[in-house]
Amino acid sequence: MKGLFGMKLLEERILQEGQVRPGHVLKVDCFLNHQLDVELLDKIGEEFYRIFQNDGINKILTIEASGIAIACLAARHFKVPVVFAKKAKSKNIDGEVFTSTVHSYTYGKDYDITLSKKFLGPQDKVLIVDDFLANGKAMRGLLDVCQQAGAQVGGIGICIEKGFQPGGAQLREEGYKVASLAIVDSMSDDGLTFRAQ
Ligand code: 5GP
């Protein structure tokens, strides 16, 4: 833990093992979204719990695939269920799912997400978690699904926010409680800088 939201341990890991790729893409697949350091994920989950424990969260919402492990380890601390939006190709034939369209930053194209109506409703106050926040498109899709379900959003927990892209600032301006455990303010082949928070 460091300051209000920042997490020193995560920043150190990014500095040690993160790789900057063309197009302002940060690769952290050694520990966060391909190979998984479960001990680190558990500490991330613990930190989200510290930040959001008094916000009445009764469900954790994320998007497949990279969000799932983060959500599960956080859920161990909150002791609430996890539900994840699927990046589905199937159509909403029977009206049993909420759907939204997301523009993918890393793949440069649109995809649909779906979530069964069984698993989200007006009784829910959710913490939305994800690995990255950049332009906020994935988050918009999840917020859209929450709105369709009539669910309340109690908070947004992000592992790595790219502070030079507008998603986080917009969400905070709209009044969401956004906690990013590391905010990268600049990155290039020469290195990375984090926002003090
Ligand atoms: P956004 O929708 O906020 O523009 O981007 C967030 C989504 O794109 C995340 O779900 C994440 O999977 C992916 N993403 C965005 N930027 C990066 C990045 O620099 N590195 C990686 N690994 N994924 C990213």
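Structural data are supplied above this passage.
Residues numbered from 1 in each chain as written. Predicted model: local features only at pLDDT ≥ 70, side-chain atom pairs only at ≥ 80, totals over all residues. Heavy atoms only, no water.

1. Description of the overall build of the chain
Turning to step 1, where the next piece is worked out: If you tally the helices and strands in the chain, you get five helices and ten strands.
Turning to step 2, where the next piece is worked out: For the chain, the spread of C-alpha atoms along the principal axes amounts to about 50 × 35 × 35 Å.
Turning to step 3, where the next piece is worked out: Split into buried and exposed, the 197 residues of the chain put 46% on the buried side.
Turning to step 4, where the next piece is worked out: Relative to all contacts within the chain whose residues are 6 or more apart in sequence, the contacts with residues 24 or more apart total 62%.
Turning to step 5, where the next piece is worked out: Accessible area for the chain stands at about 9,800 Å²; split by element, carbon and sulfur atoms hold 49% of it.
Turning to step 6, where the next piece is worked out: Computed over 24 positive and 25 negative side-chain charges, the separation of the two mean positions in the chain equals 3 Å. (Helix = DSSP H or I, 4+ residues; strand = E, 2+ residues; numbered from the N terminus. Buried < 20%, exposed > 50% of the residue type's maximum accessible area, 1.4 Å probe, protein only. Contact = heavy atoms within 4.5 Å. Areas by Shrake-Rupley, 256 points an atom, 1.4 Å probe, with all protein chains shown as cover. Lys, Arg positive; Asp, Glu negative; His and termini not counted. Charge placed at Lys NZ, Arg CZ, Asp CG, Glu CD.)

2. Some words on unusual backbone geometry
Turning to step 1, where the next piece is worked out: The residue after E64, namely A65, is reached through a cis peptide bond having omega 0°.
Turning to step 2, where the next piece is worked out: Secondary-structure assignment places A65 in the loop between β3 (59–63) and α3 (66–78).
Turning to step 3, where the next piece is worked out: Within the chain, H24 stands out as a residue other than glycine whose phi angle is a positive 55°.
Turning to step 4, where the next piece is worked out: By the element assignment, H24 lies in the loop between β1 (19–21) and β2 (25–27).
Turning to step 5, where the next piece is worked out: Of note in the backbone geometry, K79 takes a positive phi value of approximately 55° without being a glycine.
Turning to step 6, where the next piece is worked out: Within the fold, K79 resides in the loop between α3 and β4 (82–85).

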